[in-house]
Structure formats: structure tokens, C-alpha cells
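# Descriptive structure summary
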Amino acid sequence: MQPLIDTELWLAHKRRALARPVEGADFLMRRVAEDLADRLGAVERSFQKAAMLFCQTPAASEVVAESSKAIEILRVEADKAFLAGAAGIVAPPETVPFEAESLDLVVSLLSLQAANDIPGMLAQIRRALRPDGLFLGAFAGAGTLAELRESLLAAETELYGGASPRVLPFTDVRDAGALLQRAGLALPVADVETVTVRYDTLFDLAADLRAMGETSPLVDRSRRPGSRRLFARAAEIYAERFSDADGRIRASFSIVWMSGWAPDASQQKPLKPGSAKVSLKSVLEKRSY
């Protein structure tokens, strides 16, 4: 399979962002971590062994620890720099370094959008989960940075007669649900929450993306650096199409959440067709006037 993402470049961007922290640039991770806390709070059970996969910060581990939902929490990162001296496992990206049926909870925050093989990653997670184990994941999905994508595309087409990809292709929430089923996870649920952030200009948005380590890691990205002229025109188009009354521009981040359970005999199952004890027709007849 031809990779879409230059994984080493993505990691280099993340390392650079870690080495040059910008206050407040982790707002998206903090928001997702808060959502994780809410979702875990709705789960009425605890877990023996939990793994946080490639979350890049301790945010997920801290949420799980504060919830008291897991007895043992393990962090897995692609570089020891992300562990910042804390205990954890360093493993290649897109791998799940655990034996089959050895985990009860797996969490992944804001890394699957940079995976070349999401189905393969989900299959590995399914394999690592014990029966009735839970997977919770969040990633940037379709609609993320749609305004930036449109503005860059319009500007480059206008100036050069064509355009090269500069923003990641993101997975749609409907595809996410299908991927959970394909991986063999039971009771699959996928939903999306859009976070809208406002900036003074496109350049302020770009600065935040650099501080997050989320500039383009596409394999087929243009090797020609964007010119000042290109970004100046893109900033004009962005302001023309996506600004509010006060002149500030909007940037969308669509966070797709996935959850699924390793199959277990104790789980609820849909009734087989034709197994109902009461017909819909009889119910409707009783309610007729």
C-alpha cells in the first residue's frame, strides 16, 4: 500500500513542537482529554490493565488515573522524548506492542489521523484486547481545516494554474464506524464533535499548527516551499470567505470519536429477525382510534 503520510516527518514535527513549547497550543489535546473524562465517566465498570497509544502527552494517562477506572496504566510512544522521563514503552508508530488478549482498555488520542493503515491499527487493538475490553479513540476527521484547505487550493490555482495537496485527507465519521466493524469490535459507535477556533489571520492559525506539530506530513506534498505571494493571497481568500463580523477568521477541527468492545458472550446482542414476540402490526392496531 502506497503510504500517504511521511511518518518520520510527522514525528520530526512533533519533536520540534515538544522542544519549542508555545503556551496554549495544546488546546485541542486538552479539549479531547476533557471529552475522554466524560466518556470514561459514562462507563460503569473498571479495567485491570490500560494502554495509552501514541497520545504524545501525558493527558490521556492523567485522565484515566484521575477516573480510577484502571489499576495499571501503560503509555506507548513512538519516541522517548514524548515520555519526558516518565515510565513507558517506545514502539514504532502504527504498532500495538502487546500480547493477544492482554489489555482491558486502549485509548488513542489525536494520532490516528497520521496513520497510513487505520484498519490495520484497529485490528491490532482488537487483538490486544481481552474479551469485553474497551477501545476509545479520537482523531481529527473530515471537515478539519476545511477552510484552510479551500483557501490554499483557491490561491494556488489562481496564481499557478494548479494546486498540490497541503492539508491531510481526513477520515469521515461514517467510515470510522465501518472500520470499527471491520476490525471485529462489538457495539461500535462513532460520532463527531466540531471545535471552532477563531484567529486574527491565517498566519496565526499556521503558527498554532506549527506549535502543535501538525503541519503537513504528506508524502505527495509539494517540495517547493510556498511563496509569500501564495500565502498572502490565501490569507485574503480566507478572510473573504470565512471571517466573522469582527474580521476574525474561523478554523474548524472535527474530532471523530470511536468506541468499540472486544466481543464477549455477556454483551447485549440485537434480536434475530423474526424473533420478536409481538408484531408491529398488533401494536399499531391497539394504538389506532
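Residues numbered from 1 in each chain as written. Predicted model: local features only at pLDDT ≥ 70, side-chain atom pairs only at ≥ 80, totals over all residues. Heavy atoms only, no water.

## Points about the confidence of the model for the protein chain
Looking at the protein chain, the pLDDT average stands at 91 and 91% of residues meet or exceed 70. Contacts of residues 279-289 to residues separated by more than four positions or lying in other chains number one contact, the stretch itself having pLDDT below 50. (pLDDT = per-residue confidence, 0-100. Contact = heavy atoms within 4.5 Å.)

## Things to note about the packing of helix α2 (residues 27-41) against helix α3 (residues 59-67)
Taken N-terminus to C-terminus, the directions of α2 and α3 make an angle of 30 degrees; their axes are 9 Å apart at the nearest point. Judged on the interaxial angle alone, α3 and α2 are roughly parallel. The chirality of how α2 crosses α3 is right-handed. Residues M29, A33, L36, A37 and L40 of α2 touch α3, and the partners they reach there are A59, A60, V63, V64 and S67. Along the lines of polarity and charge, the residues of the contact of α2 with α3 split into nine nonpolar, one polar and no charged. (Axes fitted to C-alpha atoms, helices over the stretch in contact; angles between N-to-C directions. Helix = DSSP H or I, 4+ residues; strand = E, 2+ residues; numbered from the N terminus. Parallel < 35°, antiparallel > 145°, perpendicular 65-115°, else oblique. Left-handed = near helix turned anticlockwise from the far one by under 90°. Nonpolar A, V, L, I, M, F, W, Y, C, P; charged D, E, K, R; others polar.)

## Considering the side chain of R75
Structurally, the position occupied by R75 is in strand β2 (residues 70-77). Of the polar contacts made by the side chain of R75, one reaches the backbone oxygen of F82; its length is 2.9 Å. Residues contacting R75, with those up to four places away along its chain left out, are M52, Q56, T57, P58, S61, F82, L83, A87, G88 and I89. (Polar contact = N/O pair within 3.5 Å; in protein donor to acceptor, adjacent residues only side chain to side chain.)

## Considerations on the environment of Y160
Its location among the elements puts Y160 in helix α6 (residues 146-160). Each C-alpha atom, one on Y160 and one on S102, is 54 Å from the other, the two residues being 58 residues apart in sequence. Reaching out from Y160, the side chain makes a polar contact with the side chain of S227 at a distance of 2.8 Å.

## Considerations on the pairing of strand β5 (residues 129-140)
Burial analysis of β5 places 10 of its 12 residues in the buried class, the great majority of the element. Two elements, strand β4 (residues 103-109) and β5, share six bridges in a ladder whose sense is parallel. Considered in β5, the bridge of L105 is made with L134. On the question of chirality, the crossover connecting β4 to the parallel β5 by way of helix α5 (residues 118-128) is right-handed. (Buried < 20%, exposed > 50% of the residue type's maximum accessible area, 1.4 Å probe, protein only. Pairing = 2+ DSSP bridges. Right-handed = clockwise from strand over helix to strand, strands pointing away.)

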